[in-house]
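# Architecture and fold: a report
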Amino acid sequence: MKLKEQKSREFLELICIVCPLGCSLSVTKSDDRIRVRGGCKKGEKYVKEEITNPRRVVTTTLRIKNGVWPRVPVRTSSPFPRDKIPELMKFLSSLEVEAPQKRGEVIAKNLLGEGVDLVVTRTIERKE
Ligand code: SF4
């Protein structure tokens, strides 16, 4: 019985990236439970999300027509599901926007139905 219990458990060591302290966290994962040791509540939340639904903020550039620069930098408005990032990048590589674009403007809403928007991070003026 004890041996079976041990087999259904996983042990992980993760470095928390939520703040500059970078605590080393010990994680025990069994069928329905994740236990975290070595950090604060924020670190625990980070680990649970990282294991169950890892997400990342995506930053990239898009082609822009008639801009003073050929590309406009953008990022997602919040972290995006990591496993869908390749699909997102394929979609973004097909987009082209028109200048001008202002910093903070939303270029695309609800990316791939995930409730995350795409935001301009640098103003690109139109060519004269
Ligand atoms: S566990 Fe808490 S204190 Fe440690 S790095 Fe993460 S957020 Fe910072």
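Residues numbered from 1 in each chain as written. Predicted model: local features only at pLDDT ≥ 70, side-chain atom pairs only at ≥ 80, totals over all residues.

## What about the overall build of the protein?
If you tally the helices and strands in the protein, you get three helices and ten strands. Going residue by residue from the N terminus, the α and β elements of the protein occur as α-β-β-β-α-β-β-β-β-α-β-β-β. Referenced to the eigenvectors of the C-alpha coordinate spread, the extents of the protein come out at roughly 75 × 30 × 20 Å. Relative to its 128 residues, the protein shows a buried fraction of 15%. Expressed as a percentage of contacts within the protein between residues at least 6 apart in sequence, the contacts between residues at least 24 apart total 46%. (Helix = DSSP H or I, 4+ residues; strand = E, 2+ residues; numbered from the N terminus. Buried ≥ 20, exposed ≤ 12 C-beta atoms within 10 Å, placed from the backbone. Contact = placed C-beta atoms within 7 Å.)

## Considering the sheet that holds strand β5 (residues 59–65)
Backbone hydrogen bonds are what pair the strands of a sheet, in a parallel or an antiparallel way. As summarised here, the arrangement of the five strands in space is β8-β5-β6-β10-β9, forming an open sheet in which the pairing is mixed. The open sheet has two edge strands with one neighbour each: β8 (96–98) and β9 (106–108). Each neighbouring strand pair of the sheet contributes to a mean axis angle of 45 degrees, computed without reference to strand direction. With two bridges joining them, β9 and strand β10 (residues 118–120) adopt antiparallel strand pairing. Within β10, the position partnered with Val106 by the bridge is Val119. (Pairing = 2+ DSSP bridges. Axes fitted to C-alpha atoms, helices over the stretch in contact; angles between N-to-C directions.)

## Overview of the domain arrangement of the protein
Per the domain assignment, the segments making up the protein are domain 1 (2–52) and domain 2 (59–120). Taken over C-alpha atoms, the centre of domain 1 sits 33 Å from the centre of domain 2. (Domains from an automatic or database assignment.)

## Overview of the sheet that holds strand β1 (residues 10–15)
If you walk across this open sheet you meet the three strands as β1-β2-β3, and the pairing is antiparallel. The sheet is open, and its two edges are formed by β1 and β3 (33–37), each paired on a single side. Across the sheet, the mean angle from the axis of one strand to that of its neighbour is 25 degrees, orientation sign disregarded. Judged from the five bridges that link them, strand β2 (residues 24–30) and β3 form a sheet pairing that is antiparallel. Looking at the pairing, Val27 lines up with Val36 of β3. Its contacts with the sheet place helix α2 (residues 41–52) against β1, β2 and β3, and it is angled at close to 140 degrees to β3.

## Let's talk about the pairing of β1
Counting buried positions along β1 yields zero of six residues, so the element is predominantly exposed. As paired strands, β1 and β2 are joined by six bridges and run antiparallel to one another. Bridging from a neighbouring strand, Phe11 pairs with Thr28 of β2.

## Looking at the site of the ligand
Inspection of the region around the ligand gives Cys16, Val18, Cys19, Leu21, Gly22, Cys23, Gly39, Cys40, Lys42 and Gly43 as its neighbouring residues. Partitioning the shell around the ligand into residue classes produces six nonpolar, three polar and one charged. (Near = placed C-beta within 6 Å. Nonpolar A, V, L, I, M, F, W, Y, C, P; charged D, E, K, R; others polar.)

## Details of α2
Here α2 is twelve residues long and its end C-alpha atoms lie 17 Å apart, about the 16 Å a rise of 1.5 Å per residue gives. Within α2 the residues assigned to the buried category are Gly43, Tyr46 and Val47. Taken around the axis of α2, the buried residues stretch over an arc of 95 degrees, which confines them to a single face. In α2, the exposed positions angled more than 90 degrees off the buried face are occupied by Lys41, Lys42, Glu49 and Thr52. (Expected span 1.5 Å × (residues − 1). Arc of directions from axis to C-beta.)

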